[in-house]
Amino acid sequence: MAELNEDLQGVDLVVTARRLVTPEGVRPGRVLVAGGRVVAVEALDSADTVPASVPRMDAGDHYVLPGLIDSHVHFRTPGLTHKEDWEHGSRAAVAGGFTTVMDMPNTVPPTLTEEAVREKAAMIAGHSLVDHRFHIGLDPERPELLASLDPEVATSAKVFMAGHHTAPTVVRDPVALEKAFVAAAEGGVQLVLHAEDDLLFQLLDGWWGDPENYREYEARRPRSGGIAAVARVIELVRRHGTKAHILHLSSAEEADLVSAARAAGLPVSFEVTGHHLSFTDEDTKRLGARTRLSPSIRQQSDQDRLWEALRAGHSATIGSDHAPHTVEEKTQTVQKSPPGLPGVQELAVGVWTGMRRRWPDEDPDLAIARLVRHLAEGPADLFRLPGKGRIAPGADADLVFFAPDATWMLSAHDVRAKCGWSAYEGWTMTGRVERTLRAGKVVWDAATGEFGDYDGRWLSCAPAEKAGE
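Fair warning: this is a prediction, and the values are worked out from it, not measured in the lab. (Residues numbered from 1 in each chain as written. Predicted model: local features only at pLDDT ≥ 70, side-chain atom pairs only at ≥ 80, totals over all residues. Heavy atoms only, no water.)

Undergrad: Run through the overall build of the protein, naming residues and quoting values.
TA: Within the protein one finds 13 helices and 18 strands. Relative to the compact-globule value of 23 Å for 469 residues, the protein shows a C-alpha radius of gyration of 21 Å, a close match. With the C-alpha coordinates of the protein rotated into their principal frame, the extents come out at 75 × 50 × 40 Å. The burial tally for the protein puts 59% of its 469 residues in the buried class. Counting only contacts in the protein whose residues sit at least 6 apart along the sequence, the fraction spanning at least 24 positions is 75%. Accessible area of the protein: about 17,500 Å², with a carbon and sulfur share of 50%. Once the 50 positive and 68 negative side-chain charges of the protein are each reduced to a mean point, those two points are 2 Å apart. (Helix = DSSP H or I, 4+ residues; strand = E, 2+ residues; numbered from the N terminus. Rg over C-alpha atoms; globule rule 2.2 N^0.38 Å. Buried < 20%, exposed > 50% of the residue type's maximum accessible area, 1.4 Å probe, protein only. Contact = heavy atoms within 4.5 Å. Areas by Shrake-Rupley, 256 points an atom, 1.4 Å probe, with all protein chains shown as cover. Lys, Arg positive; Asp, Glu negative; His and termini not counted. Charge placed at Lys NZ, Arg CZ, Asp CG, Glu CD.)

Here is the structure:
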């Protein structure tokens, strides 16, 4: 087990675990923390040289994971805080084992400039339990701004290729889209994309009209929109070398296309979401607005392919796309009800529950390593989050105590998001987050229901290498 040789007199916390999840595997270990960072990771049977006066936490038989990272949340600040805000959103995050989130730009007004990002960070200061970074939004009128984006402000940009209720900056012009890819490559910016073809959907809507009920919803937002858009993204990546990450990929065909492009050496990757792994179009027919999503929830065969992608390592990250709406908003007509659901609190336990049900005979150590790879190591690497995603010397002391065999039923009473509801209500979950530490301090304790200090940091990053360098 890795160790860091330095004076341990400053150690202010020792965490011991029989199931410590490290980059080298799951093993017994002791984590020494000083000033919010990991200073050493020791074997459990090594001599304990830390003074007895230093506080200890013993995780027992629980897994100790690195703090999880959700690279796709909508915490709704500014302008939409009637349905979510950073205090509630970050409570949901830490209750779900997340200590870092990356927030999306489709707010009111949208976060399209460096100044807007700084203003947003100032609004959130003192109101967040989690560390955070922001995806800046692509301005369709000024895609060239990405070429000179200050990495201290943002290193990634969200591109909406299709619109919905909270997406005011859709890129419909193929010339503007290509300019964005060129500028992002020049500036070393990671594009994150809602990849569906809006013009195709408009064409179909003009022919079919709006859906009248949720039995029609998935068919009215068909996979062809995603397939066409993903193919376009791959071609632009091939042409310009731009780094692109497809968000909430929903169909088997899209997974095949991106996996093949990745295997061919192109810098393109994809995210799967908890809801696309957990629900199918049959659930939407039954649950209606609760699982109305964009992209829509698809068929069982698509869900099976996404699980296969997760198991094979074809997907790079898992995201929640945490996008709460009020009950009043979700119970409007099919045409007016906005897509989206809360999900950051449910993400890790929902995916863990799915893995244990699908592959009950799999070694749980292998399963937990996969969860950590997609919810910690993967997003930390993809979005260049130094100190995050691993339990290792020099990393931030973000730790999660996870009870893998705990069985419990999720109810509305458990929901920490401001909207107060969950599509997972009534689910019997396997696995529970018992305690979450950020920077060595407890920010969530399930036994007491108490949260920690709202002093999460805005994370900056060093410049990335530009395409071709």
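Undergrad: Just give me the short version of the packing of helix α12 (residues 347-358) against helix α13 (residues 364-382), but keep the residues and values in it.
TA: Running from amino to carboxyl end, α12 crosses α13 at an angle of 145°, the nearest separation of the two axes being 11 Å. When the axes of α12 and α13 are compared, the crossing they make is right-handed. Residues Leu 347, Ala 348, Val 351, Trp 352, Met 355 and Arg 356 of α12 lie in contact with α13, whose contacting residues are Pro 364, Ala 367, Ile 368, Arg 370, Leu 371 and Leu 375. Here the residues of the contact of α12 with α13 sort into 10 nonpolar, no polar and two charged. (Axes fitted to C-alpha atoms, helices over the stretch in contact; angles between N-to-C directions. Left-handed = near helix turned anticlockwise from the far one by under 90°. Nonpolar A, V, L, I, M, F, W, Y, C, P; charged D, E, K, R; others polar.)

Undergrad: Describe unusual backbone geometry, with residues and values.
TA: For the bond from Thr 77 to Pro 78, the omega torsion is 5°, close enough to zero to count as cis. For Pro 78, the position within the fold is in the loop between β6 (68-73) and α1 (86-95). A cis amide bond links Ser 294 with the next residue in sequence, Pro 295, at an omega value of 0°. Turning to its location among the elements, Pro 295 is positioned in the loop between α9 (281-287) and α10 (300-312). Positive phi, close to 35°, is recorded for His 248, a residue that is not glycine. Exposure remark for His 248: the relative accessible area of 3% places this residue in the buried category. Phi at Asp 321 takes a positive value of approximately 50°, unusual for a residue other than glycine. A residue is classified by how much of its surface remains accessible, and Asp 321, at 7% relative accessible area, is buried.

Undergrad: So what's going on with the nonpolar core? Which residues, and what values?
TA: Counting residues in hydrophobic clusters, the biggest one holds 93 residues, and the most contacted among them are Leu 65, Phe 181, Leu 193, Val 233, Ile 246 and Val 351. Beyond its immediate sequence surroundings of up to four residues, Val 351 is in contact with Gly 274, Leu 277, Trp 307, Leu 310, Ile 318 and Leu 371. By size, the runner-up hydrophobic cluster in this structure holds 16 residues, among which are Leu 13, Val 38, Val 41 and Ala 59. (Core = buried A, V, L, I, M, F, W, Y, C linked by side-chain atoms within 4.5 Å.)

Undergrad: Describe the packing of aromatic side chains, listing the residues and the values that go with them.
TA: Under the counting rule described, the total for this entry stands at 11 aromatic pairs. Seen from their ring centres, Trp 207 and Trp 208 are 5.7 Å apart, and the 20° between their planes marks the pair as stacked. When the centroid spacing of 4.9 Å and the interplanar angle of 35° are considered together, the rings of Trp 444 and Phe 451 count as tilted. Phe 451 gets classed as partly exposed once you look at its relative accessible area, which sits at 23%. Counting every residue linked through ring pairs, the aromatic cluster contains Phe 75, Trp 86, Phe 134 and Trp 458. One Lys or Arg, Arg 19, reaches over the ring of Tyr 63 and ends 4.1 Å from the middle of that ring. Directly above the ring of Phe 201 sits Arg 221, whose terminal nitrogen or CZ lies 4.7 Å from the centroid. (Phe/Tyr/Trp six-rings, centres within 6.5 Å; stacked < 30°, edge-to-face > 60°. Lys NZ or Arg CZ within 6 Å of the ring centre and 35° of its normal.)

Undergrad: Residue-level account of the pairing of strand β10 (residues 156-160), with values.
TA: In terms of residue burial, β10 counts as a mostly covered element, since five of its five residues are buried. Along β10, one buried face is formed by Ser 156, Lys 158 and Phe 160 and the opposite face, lined by Ala 157 and Val 159, is buried too. Of the strand pairs in this sheet, strand β9 (residues 136-137) and β10 are connected by two bridges, and their pairing is parallel. Bridged to Ile 136 within β10 is Ala 157. For β10 and strand β11 (residues 190-194), the ladder comprises five bridges, and the chain directions are parallel. (Pairing = 2+ DSSP bridges.)

Undergrad: Tell me about the sheet that holds strand β8 (residues 131-134), residues and numbers included.
TA: Spatial ordering of the open sheet is given by β6-β7-β8, a layout of three strands whose pairing is parallel. At either end of the open sheet lies a strand with only one pairing partner, and these are β6 and β8. Sheet twist, expressed as the average angle between the axes of neighbouring strands with direction ignored, equals 20°. One ladder, built from four bridges, connects strand β7 (residues 98-103) with β8; its direction is parallel. The residue bridging Asp 103 from the neighbouring strand is Phe 134, located in β8. Strands in contact with α13 are β6 and β7; relative to β6, the strand with the most contacts, it is inclined by about 65°.

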